[in-house]
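# Analysis of the macromolecular model
Each chain is listed here by its residues.
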Amino acid sequence: MHAVTDGREALDRLRTIVQVAGHDSIPAAAHSFYGGRSATPAQRIRAIEHGAGFRIIDRDTRPLAPTPRGRGFHREAQQILRITDDVEPIRHDPQ
C-alpha cells in the first residue's frame, strides 16, 4: 500500500482502483469516470499494480473485481478514502 499511496495523486490512484471494480470492463469504467478515455485507467491500473507488486483487479471477471490478494488492498483503499472524505470538509472550513 505504501508504494501506491506515496507522493502526489495518491488518493486519485486509490479512487481509480475502487471505482473500476464493479464495471463490466476497463473501457466501461473509463466512460463512467474519465469521459471515455479507456487507455487512461488501463495504464493507471497497471502502474498502480506495478507499485503494489501484484495484480489488484481481475480483468477476467464480469463485473471487474479485486483478485483474491487484491481484496485486502481494495478494502484498505476504501477505508482510506472514507476517512479522507470525512476529513476533507474540515480542511476547507474557513473558521
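What you see is a predicted model; the values in this text were computed from it and never measured.

Thresholds applied
Residues numbered from 1 in each chain as written. Predicted model: local features only at pLDDT ≥ 70, side-chain atom pairs only at ≥ 80, totals over all residues. Heavy atoms only, no water. Helix = DSSP H or I, 4+ residues; strand = E, 2+ residues; numbered from the N terminus. Buried < 20%, exposed > 50% of the residue type's maximum accessible area, 1.4 Å probe, protein only. Areas by Shrake-Rupley, 256 points an atom, 1.4 Å probe, with all protein chains shown as cover. Arc of directions from axis to C-beta. Core = buried A, V, L, I, M, F, W, Y, C linked by side-chain atoms within 4.5 Å. Contact = heavy atoms within 4.5 Å.

### Focus on the overall build of the chain
Along the chain, the regular secondary structure elements total five helices and two strands. Reading the helices (α) and strands (β) of the chain from amino to carboxyl end gives α-α-α-α-β-β-α. Taking all 95 residues of the chain together, the buried fraction comes to 32%. Accessible area of the chain: about 6,000 Å², with a carbon and sulfur share of 49%.

### Examining helix α2 (residues 10-20)
Note: α-helices contain 3.6 residues per turn, so residues at a spacing of three or four share the same orientation. Along α2, the residues classified as buried are Ala10, Arg13, Leu14, Thr16, Ile17 and Val20. The arc that holds every buried residue of α2, seen down its axis, measures 155°, which confines them to one face. Two residues or fewer after α2 comes Gly22, characterised by a positive phi angle close to 100°.

### Observations concerning unusual backbone geometry
Residues Arg62 and Pro63 are joined by a peptide bond in cis, for which omega reads -5°. As for its position among the elements, Pro63 is in the loop between β1 (57-58) and β2 (65-66).

### Comments concerning the nonpolar core
Within the largest apolar cluster, 16 residues are counted, with the highest numbers of intra-cluster contacts made by Ile17, Val20, Ile56, Ile57 and Phe73. In contact with Ile56, not counting residues within four places along its chain, are Ile17, Ile48, Glu49, Ala65, Pro66, Thr67, Gly70 and Phe73.

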